Amino acid sequence: MKVLVIGGGAREHALCRSLSLDPDVTALHCAPGNAGIAEVAELHPVDQLDGEAVARLAVSLHSDLVVVGPEAPLVAGVADAVRAAGIPCFGPSGEAARLEGSKAFAKDVMAAANVPTARSYVCTTPAEIDEALDAFGAPYVVKDDGLAAGKGVVVTEDVEAARAHALACDRVVIEEFLDGPEVSLFAITDGVTVLPLQPAQDFKRALDGDEGPNTGGMGAYSPLPWADPKLVDEVMASVLQPTVDELRRRGTPFSGLLYAGLAITSRGVRVIEFNARFGDPETQVVLARLKTPLAGVLLHSANGTLDVQPPLAWRDDAAVTVVVASHNYPGTPRTGDPIDGLDEVAALDAPHAYVLHAGTRQDGGAVVSAGGRVLSVTATGADLAQARERAYAAVGRIRLDGSQHRTDIALRAAGAEA
């Protein structure tokens, strides 16, 4: 199987790493990729938002499967263009990807499917914003209706900060605050059959102790030792299958990766948000634990044959990912700084720990930073404590001037194992 992956972040590096280990994959390509992905896949330049350009590339490479990683190309309809060229594509249509592209659309689907979620208002005027903020009170949860790379959400006790964020958005969803821990659960679907993956938890705030601004994600871990063993079955029955069924009923079937961001509240599971693609950095830990070869599962999703896919097999190992971010992230990041220590991690920490590249590029013989989140250092272990230890040992070998990372990824969960 010849596979083309679209994207250039750590999520795509994780996907490419898993695909490169799949014996059925005979050729692996990525566009545009990054410095790390270049080690496992052949890179190609492409405007990943240009569906026709992506489709032409896929045809020229005789691709048997295209995997679209990021949300922006999906919302732009890139998967539609690839399918129109006659090539199986893992990823929802532009219409179905509105589940992530519009918070208001997602709320409408959830209401129709009777999926439990936070009460909310969709606001387009200052008067509506003030009314919604007043109705819910603090803490205020304000979400940009459109795509914002994981940084369009503000949760604050400060009504003026909430109002300022709301006014900066064309259309905004203001909703009640959901208490309780958050869980990410991915499911692969072909529009009918839904195949859940293992749950993970990510860390959105920039600083230790869940302080600081929201980011695209500073780390993740899986499994969740504190979670109810029946959680996946419950979410399948109350969230994932009803959502897929509702989208099919509307004539916009969703095939690809359906990601449910969940709050485990005192009143039960509630959906915080849906994404239409693998989450970053949760993909890094979930795929680290997946034993079943990945390409065949993604192809079954693309071809509508997921019902013949055997149950997924999982490693008993735990996995932890720590994100190394550039100076000033999530503000305007500093880029172009050389990254040292990658060879040391490969020599001293493999196979239990490895580095997935996010915002990197080649500069002559050097690898330099090229984005806000630069690296995802991922490790596995017999339990979370060992995986944490291995991940942070590898992080300690990496040298990037001004870089930052959280020191408490999976710390409380590792304590819950004891």
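Here we summarise the structure given alongside this text. Predicted, not measured: the structure shown is a model, and the values here were computed from it. (Residues numbered from 1 in each chain as written. Predicted model: local features only at pLDDT ≥ 70, side-chain atom pairs only at ≥ 80, totals over all residues. Heavy atoms only, no water.)

**Concerning helix α7 (residues 126-136)**
Within α7, burial applies to Ile-129, Ala-132, Leu-133 and Phe-136. Viewed along the axis of α7, the buried residues span an arc of 100°, placing them on a single side of the element. Across α7 from its buried face, at more than 90 degrees, point the exposed residues Ala-127, Glu-131 and Asp-134. Buried residues along α7 sit in contact with β6 (120-123), β7 (140-144), α8 (159-167) and β9 (172-175). Phi for Gly-137, located one or two positions after α7, is positive at around 75°. (Buried < 20%, exposed > 50% of the residue type's maximum accessible area, 1.4 Å probe, protein only. Helix = DSSP H or I, 4+ residues; strand = E, 2+ residues; numbered from the N terminus. Arc of directions from axis to C-beta. Contact = heavy atoms within 4.5 Å.)

**Some details on the sheet that holds β9**
Overall, antiparallel pairing links the 4 strands, which are arranged β6-β9-β7-β8 in an open sheet. If you trace the sheet from one side to the other, it starts and ends with β6 and β8 (153-156), each paired once. The sheet shows a mean angle of 20° between the axes of neighbouring strands, taken without regard to direction. Here β6 runs beside β9; their pairing, made up of 4 bridges, is antiparallel. Within β9, the position partnered with Tyr-121 by the bridge is Ile-174. Packing of helix α6 (residues 103-113) onto the sheet brings it into contact with β6, β7 and β9, and relative to β9 it is tilted by some 50°. (Pairing = 2+ DSSP bridges. Axes fitted to C-alpha atoms, helices over the stretch in contact; angles between N-to-C directions.)

**Things to note about the packing of aromatic side chains**
Taken as a whole and judged by the stated rule, the model has 5 aromatic pairs. The interplanar angle of 45° and the centroid separation of 5.4 Å between the aromatic rings of Tyr-121 and Phe-136 together place this pair among those described as tilted. Note that Tyr-121 is positioned in strand β6 and Phe-136 in helix α7, a separation of 15 residues in sequence. Judged by its relative accessible area of 17%, Phe-136 falls in the buried class. Ring geometry for Phe-186 against Tyr-259: centres 5.2 Å apart, planes inclined by 35°, an arrangement best described as tilted. (Phe/Tyr/Trp six-rings, centres within 6.5 Å; stacked < 30°, edge-to-face > 60°.)

**Notes on the nonpolar core**
By size, the foremost hydrophobic cluster in this structure holds 77 residues, and its most contacted members are Val-66, Leu-99, Leu-240, Phe-274 and Val-320. When sequence neighbours within four positions are dropped, the list of residues in contact with Val-66 reads Leu-4, Ile-6, Ala-58, Val-82, Ile-87, Pro-88, Cys-89 and Phe-90. (Core = buried A, V, L, I, M, F, W, Y, C linked by side-chain atoms within 4.5 Å.)

**Looking at empty space enclosed by the protein**
Summed over all chains, the structure comprises 2 cavities of 30 Å³ or more. Each pocket or cavity is described by its volume, and for the largest cavity that value is around 70 Å³. Leu-99, Glu-100, Lys-103, Ala-106, Lys-107, Met-110, Lys-143, Val-173, Glu-175, Ile-272, Glu-273 and Phe-274 are the residues that line the largest cavity. At the level of elements, α5 (98-101), α6, β9 and β17 (268-275) are the ones that each hand at least two residues to the lining of the largest cavity. (1 Å grid on protein atoms, 1.4 Å probe; cavity = no way out; pocket = protein on both sides within 12 Å on 5 of 7 lines; lining within 4 Å. Points joined across faces, edges and corners; volume = space filled by probe spheres on them.)

**Some remarks on the packing of helix α1 (residues 10-20) against helix α10 (residues 282-289)**
Contact pair α1 / α10: the axes reach a minimum separation of 8 Å and the direction vectors enclose 15°. In terms of axis orientation, α1 runs roughly parallel to α10. Regarding α1 and α10, the two cross each other, and that crossing is left-handed. Contacts from Ala-10, Arg-11, Ala-14, Leu-15 and Ser-18 of α1 reach α10 at Thr-283, Gln-284 and Leu-287. Taken together, the residues that form the contact of α1 with α10 break down as 4 nonpolar, 3 polar and 1 charged. (Parallel < 35°, antiparallel > 145°, perpendicular 65-115°, else oblique. Left-handed = near helix turned anticlockwise from the far one by under 90°. Nonpolar A, V, L, I, M, F, W, Y, C, P; charged D, E, K, R; others polar.)

**Re the layout of surface pockets**
Put simply, the second largest pocket is a space of about 520 Å³. For the second largest pocket, the lining is made up of 24 residues, of which Glu-39, Leu-342, Asp-343, Ala-346 and His-357 are closest to its centre. For the lining of the second largest pocket, the elements supplying multiple residues, two or more each, are α1, β19 (339-340), α12 (342-348), β20 (353-357) and β22 (366-369). Residues that form the lining of the second largest pocket fall into these classes: 14 nonpolar, 5 polar and 5 charged.

**As for the pattern of salt bridges**
Under the definition given, this model contains 23 salt bridges. Taking the shortest distance from any N to any O, the salt bridge between Glu-175 and Lys-107 comes out at 3.0 Å. You can see Glu-175 sitting in strand β9 and its partner Lys-107 sitting in helix α6, a full 68 residues away along the chain. The same class applies to Glu-175 as to Lys-107, namely buried. (Salt bridge = Lys/Arg side-chain N within 4 Å of Asp/Glu carboxyl O.)

**Some words on the sheet that holds strand β11 (residues 194-196)**
Hydrogen bonding along the main chain pairs the strands of a sheet, whether they run parallel or antiparallel. In space, the 4 strands of this open sheet follow the order β11-β10-β16-β17, with antiparallel pairing throughout. The open sheet has two free edges, formed respectively by β11 and β17, since each of these has just one partner strand. Averaged over all pairs of adjacent strands, the angle between their axes in this sheet comes to 35°, without regard to strand direction. Strands in contact with helix α9 (residues 231-249) are β10 (182-189), β11, β16 (256-265) and β17; relative to β16, the strand with the most contacts, it is inclined by about 125°.

**Quick look at the side chain of Asp-337**
Mapped onto the elements of the fold, Asp-337 is located in the loop between β18 (318-325) and β19. Among the polar contacts listed, one links the side chain of Asp-337 to the side chain of Arg-334, at a separation of 2.9 Å. Residues within four places of Asp-337 in sequence aside, it is in contact with Val-367, Val-368, Ser-369, Leu-400 and Asp-401. (Polar contact = N/O pair within 3.5 Å; in protein donor to acceptor, adjacent residues only side chain to side chain.)

**Remarks on the pairing of strand β14 (residues 211-214)**
With 2 bridges joining them, strand β13 (residues 205-207) and β14 adopt antiparallel strand pairing. By the bridge assignment, Arg-205 is partnered in β14 with Asn-214. Hairpin connection between β13 and β14: a loop of 3 residues separates the two successive antiparallel strands, and Gly-209 in this loop has a positive phi of roughly 70°.

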